[in-house]
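A structural walkthrough
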Amino acid sequence: FLVVVGDIAAMLLADVVGDIPSFSLLRMCRLFRLIRSFKAFALAKELQLIMLSFASAMKAILWASVMLAIVLTLWSIVAVEILHPINMQLVEQGFHADCIRCQNA
């Protein structure tokens with residue numbers, strides 16, 4: 001807790017004062033605390049199982065997002081190819097007479 005508060009105070013002090021010596025030692029201490037927390041994963045098999053399951057779920061969510069983006073892009077292209085000629089017919093008929101942008105849509 002003190003390391004994090006000290007690092008935040010150093011960042012605020014650097015904004016106010018300007019150039020101050022680097023506080024990389026505090027950042028290293030925070031990194032060691034993070035490494036120490038990973039040792040807890042090695043001690044508890046259930047915690048390892050939860051973290052592996054979480055990583056697998058995140059991988060599945062990533063690929064699902066990629067697939068969703070591809071599907072949305074393909075349907076967008078299809079919609080433009082179908083709707084643009086219809087919109088141009090409406091412009092020729094004067095349906096969008098009061099809309100400046102509609103004929104370019």
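Residues numbered from 1 in each chain as written. Predicted model: local features only at pLDDT ≥ 70, side-chain atom pairs only at ≥ 80, totals over all residues. Heavy atoms only, no water.

Tallying secondary structure elements over the protein chain gives three helices and zero strands in all. Along its sequence from the N terminus, the protein chain presents helices and strands in the succession α-α-α. Counting only residues that meet the buried cut, the protein chain has 5% of its 105 residues in that class. Here the protein chain displays about 9,200 Å² of accessible surface, and carbon together with sulfur accounts for 74% of that area. (Helix = DSSP H or I, 4+ residues; strand = E, 2+ residues; numbered from the N terminus. Buried < 20%, exposed > 50% of the residue type's maximum accessible area, 1.4 Å probe, protein only. Areas by Shrake-Rupley, 256 points an atom, 1.4 Å probe, with all protein chains shown as cover.)

The end-to-end C-alpha distance of helix α3 (residues 45-92), which contains 48 residues, comes to 70 Å, matching closely the 70 Å that a straight helix rising 1.5 Å per residue would cover. Of all the bends found along α3, the most pronounced is centred on L83 and spans about 30°, while P85, a proline, follows it within four residues. One or two residues past the end of α3 sits G94, with phi positive at roughly 85°. (Expected span 1.5 Å × (residues − 1). Bend = angle between axes of the 7 residues up to and from the residue.)

Here we come to a nonpolar patch on the surface. Taken together, the side chains of M67, V71, W75, V78, I82, L83 and I86 present a nonpolar region at the surface, about 720 Å² in accessible area. Counting through the fold element by element, M67 comes out in helix α3. (Patch = residues over 30% accessible without salt bridge, like charges linked within 9 Å, V, L, I, M, F, W, Y side chains within 5 Å. Salt bridge = Lys/Arg side-chain N within 4 Å of Asp/Glu carboxyl O.)

It is worth spelling out the environment of M51 at this point. Note on placement: M51 falls in helix α3. Along the sequence, M51 and F41 sit ten residues apart, while their C-alpha atoms lie 8.4 Å from each other.

What follows is about the confidence of the model for the protein chain. On average, residues of the protein chain carry a pLDDT of 81, and 86% of them reach 70 or more. Confidence, read as mean pLDDT per element, is least for helix α2 (residues 24-43) in the protein chain (72) and greatest for α3 (92). (pLDDT = per-residue confidence, 0-100.)

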